[in-house]
Amino acid sequence: MIEHPTRPIDAHAVGSDLRRVDGVEKVTGRAAYAVEHGEPDGVTDPLHLWLVTSTIAKGRVVDVDGGAATSHPGVVAVLDHTNAPRLDDTSNGELAILQDDAVGFRGQIVALVLAESSEAAREGAALVHVRYRAEPHEAELREDNADDKPEVVNPSMDTDTSEGDVDAALSEAEVVVAETYKTPYEHNNPLEPHATVAWWSEDGGQPTLTMFDSTQGVHGVVQAIAPMLGLEPDQVRVRAPYVGGGFGSKGEAHAHVVATAMAARTTGGRPVRLAVTRQQMFSLTGYRTATFSHLRLGARLDGTLTAVEHAVQEQTSVIREFAEQTAAPTRMMYAAPNRRTSHRLARLDVAVPSWMRAPGEMPGMYAQETAMDELAVAVGVDPIELRERNEPEVDPETGKPFNERRLVECLQRGADRFGWDTRPPAPRATVDGDWWIGTGVASATYPAMRSPGNAARVRSLGDGRYAVAIGAVDIGTGARTVLTQIAADALGVGTDAIELAIADSSLPPASVAGGSSGTSSWGTAIVAAAQQFRDDHGEAPDAGVETTASAAANPATEEYAFHSFGAVFAEARVHRWTGEVRVPRLLGVYSVGRIVNPTTARSQLLGGLVMGLSAALFEESYRDPRFGHVVTQDLATYHVASHADVLGIEAEWLEESDESFTPMGSRGIGEIGIVGTAAAIANATFRATGIRVRDLPLTADHFLA
């Protein structure tokens, strides 16, 4: 594989409002999602799969009686740990299903029902009788049981950091804020449920597995399941032409993907379709852990920080460790000579947590930015001025200079647009009828990331047209469109000269659509391949010639700390008699590099703000520790922001181009919109009512004291 050092591209298509290239397919209903596939070589009779999940939190399966199920019309087979195919690799406790009788959490897959129709599969699953031997379990996160140090925090960060003498600095500080901030369990709930279609065939005497999966990374699915099934990666092909959202939950393969592949192994080549139910998603497809953030800020009377400590407690699963990097943004956000962060886990008999939009940054910045607001009140300094006084000259964590740190500009521009200077000096100073009114602000940040392992292929089609291929996945964000724009500029042609192929593991490798790294990683690989193609074949290439290349390592990452920043402003109205919270105005201003497509970028930033609003006001999964399951298992009980909750909302960005990070000048934008939003709203409710709420969500009962 050729590694090509990239050069900045001339922006012509990049920066324009190119209409979504897949827009027609989506609005006309021709865009086929995962569960709508599965008719290989004229086969039109896929089997349908239904999952039977455990009703205990810990113990053993004594017996699975599938007799009544197999007698039901349309049911073809029932698989359990006694007759399911054996896996070659069972090291991943989340994915290694039906290999023994152990139950590690409530909702774990304990049997599979195959049938001729979805209805028959569902009815058959209801007829499967499973007997258990229950064992004592622990499913409640508490401050007194979260004391286990993880190996690393996501993705591979140090668990703890320390600089200076925090305890001495806090004891000598003129002002100390010491509080605990709590965030609840949250579930991703993309509009399209997780779904998979799979079938097996023979290719040259070798078994091959073909899958359509609703995933954020086709190559990641191959890497996860191929060794488990005893296959080489080239024996597995995964496609994800259209994906209806993920928010992190589809960033890695979950057990249902393995279940579908295992079931298909038994059908003689017939495809198997599985759509995970909304209720099953609450135990099988990841979630954000609840957190306790113990913040201590030490400062001088003018608000200058002298010490910062952020000690986090959260949970993981006994069957596989995942530790959210909740304190990570505290390590680099503000200047303070004495700093300490830590993460501790409660290992519970529960489903495995995973990525959810801005893992770590979302709960961590809620805690830090609320604490900063409390410090501003304690020292009598405007919250924006307080943040300006604590601007670091270099990255406090690494000591490197920032590539660009325009947080203060975001704060000042947002303040001008929001009318910050008209806000009353004291809480509970503005009332409109029965509504208290207040405004709040919070900073946002997200690391700028480019993932390794990306490559792209450019092929001349003749007549000035080019086929560009990379195994990236568009999860609804507009990746097809922006990659088309990047490819056009990298090759110096119009966007109508580009035929883009993505979302297929048979294409050159691409990293996951996550971590706000997709466009940066894939786009840079496309630029590298295009520039290498021109070096190889010139400006008038023959039809059929092609080049595959990846981007060489970026030396600037050793010199600079790459981050994006933003400022979120919120107006909150709190009803004085009912405690109801409304947010009529929400504004985000961001520094995120060059915007590749203003239309898709605005959608991403607004979506992040809405998700932050939803987290602030509504989202909370409740796990019953007695039985180990999440009881809010649908969108009737797990509340999210609806259209009626989203009133005035705006997002804008600073004009800039960060060509030291990518040849397009762009950085990631998918996650920064959710960061800081809940804190801005919480700070606004304090200004409205004088009541400081430190636990999300901001439900009415908090304001009725």
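All of the points below concern the structure found in this document.

Criteria and cut-off values
- Residues numbered from 1 in each chain as written.
- Predicted model: local features only at pLDDT ≥ 70, side-chain atom pairs only at ≥ 80, totals over all residues.
- Heavy atoms only, no water.
- Helix = DSSP H or I, 4+ residues; strand = E, 2+ residues; numbered from the N terminus.
- Expected span 1.5 Å × (residues − 1).
- Core = buried A, V, L, I, M, F, W, Y, C linked by side-chain atoms within 4.5 Å.
- Buried < 20%, exposed > 50% of the residue type's maximum accessible area, 1.4 Å probe, protein only.
- Axes fitted to C-alpha atoms, helices over the stretch in contact; angles between N-to-C directions.
- Parallel < 35°, antiparallel > 145°, perpendicular 65-115°, else oblique.
- Left-handed = near helix turned anticlockwise from the far one by under 90°.
- Contact = heavy atoms within 4.5 Å.
- Nonpolar A, V, L, I, M, F, W, Y, C, P; charged D, E, K, R; others polar.
- Salt bridge = Lys/Arg side-chain N within 4 Å of Asp/Glu carboxyl O.
- Pairing = 2+ DSSP bridges.
- Arc of directions from axis to C-beta.
- Polar contact = N/O pair within 3.5 Å; in protein donor to acceptor, adjacent residues only side chain to side chain.

Turning our eyes to something else, we now look at helix H12 (residues 518-537). With 20 residues, H12 should reach 28 Å at 1.5 Å per residue; the first-to-last C-alpha distance of 28 Å fits that figure. At the C-terminal side of H12, Gly538 shows a positive phi close to 75°.

Okay, the nonpolar core next. In this structure, Ile109, Leu112, Leu209, Ile225 and Ile470 are the most contacted members of the largest nonpolar core, which totals 89 residues. Tyr181, Ala376, Tyr590 and Leu605 belong to the second largest nonpolar core, which has 83 residues in total.

Their axes nearest at 8 Å, the elements helix H13 (residues 598-617) and helix H14 (residues 677-689) cross at an angle of 50°. Compared by their axis directions, H13 and H14 come out oblique. Helix-helix and strand crossings are classified by hand; for H13 and H14 the assignment is right-handed. Contacts between H13 and H14 involve Leu609, Gly612, Leu613, Ala616 and Leu617 from the former and Thr677, Ala678 and Ile681 from the latter. Of the residues that constitute the contact of H13 with H14, the class distribution is 6 nonpolar, 2 polar and no charged.

This structure, assessed with the given rule, holds 45 salt bridges. The salt bridge involving Asp45 is made with Arg270; its shortest N-O contact spans 3.5 Å. Of this pair, Asp45 sits in the loop between helix H1 (23-27) and strand E2 (47-53) while Arg270 is found in the loop between helix H6 (255-264) and strand E13 (272-275), placing the two residues 225 residues apart along the sequence. Between Glu369 and Arg387 there is a salt bridge, with its nearest N and O atoms 2.8 Å apart. Highlighted residues: Glu369 in helix H8 (residues 361-379) and Arg387 in helix H9 (residues 383-389), separated in sequence by 18 residues. Each member of the pair, Glu369 together with Arg387, is buried. Ionic contacts of the salt-bridge type, sharing partners, join the residues Glu404, Arg406, Glu409, Glu656, Asp658 and Arg667 into one network.

This part takes up the sheet that holds strand E11 (residues 206-213). Hydrogen bonds between backbone atoms are what pair the strands of a sheet, whose relative direction is either parallel or antiparallel. Reading across from one edge, E4-E6-E2-E13-E10-E11-E12 is the order of the 7 strands in this open sheet, with mixed pairing throughout. The open sheet terminates on both sides in strands that have one partner only, identified here as strand E4 (75-79) and strand E12 (236-239). Across the sheet, the mean angle separating the axes of adjacent strands is 25° when strand polarity is ignored. Sitting on the sheet, helix H3 (residues 118-127) is in contact with E2, E4 and strand E6 (109-115), with an inclination near 25° to E2. Each of E11 and E12 touches helix H5 (residues 218-225); the most contacted strand, E12, lies at about 145° to it.

At the junction of Asn154 and Pro155, the peptide bond is cis and its omega measures out at -5° in the coordinates. Here Pro155 lies in the loop between strand E7 (129-134) and strand E8 (161-163). Following Leu696, the chain continues into Pro697 via a peptide bond in cis, with omega recorded as -5°. Here Pro697 lies in the segment after H14. The residue Ala358 is not glycine, and still its phi comes out positive at about 60°. Along the chain, Ala358 turns up in the loop between strand E16 (338-348) and H8. On the basis of relative accessibility, which here comes to 0%, the residue Ala358 falls in the buried class. Here Asp463, not a glycine, exhibits a phi torsion of approximately 55°, which is positive.

Here the focus is helix H10 (residues 407-418). Here H10 spans 16 Å end to end across 12 residues, near enough to the 16 Å set by a 1.5 Å rise per residue. By the burial criterion, the buried members of H10 are Leu407, Cys410, Leu411, Gly414, Ala415 and Phe418. Relative to the axis of H10, the buried residues are bounded by an arc of 130° and lie together on one face. Looking at the buried side of H10, the elements it contacts are H9, strand E18 (435-447), strand E23 (563-575) and strand E24 (581-591). Where H10 terminates, the next one or two residues include Gly419, which has phi positive at roughly 75°.

Mapped onto the fold, His187 is located in the loop between strand E9 (175-183) and strand E10 (195-203). Exposure remark for His187: the relative accessible area of 3% places this residue in the buried category. Engagement of the side chain of His187 in a polar contact is seen with the side chain of Ser621, the distance being 2.6 Å. Excluding residues that lie within four positions of it along the chain, His187 makes contacts with Met281, Phe282, Gly286, Tyr287, Met356, Glu619, Ser621, Val630 and Tyr638.

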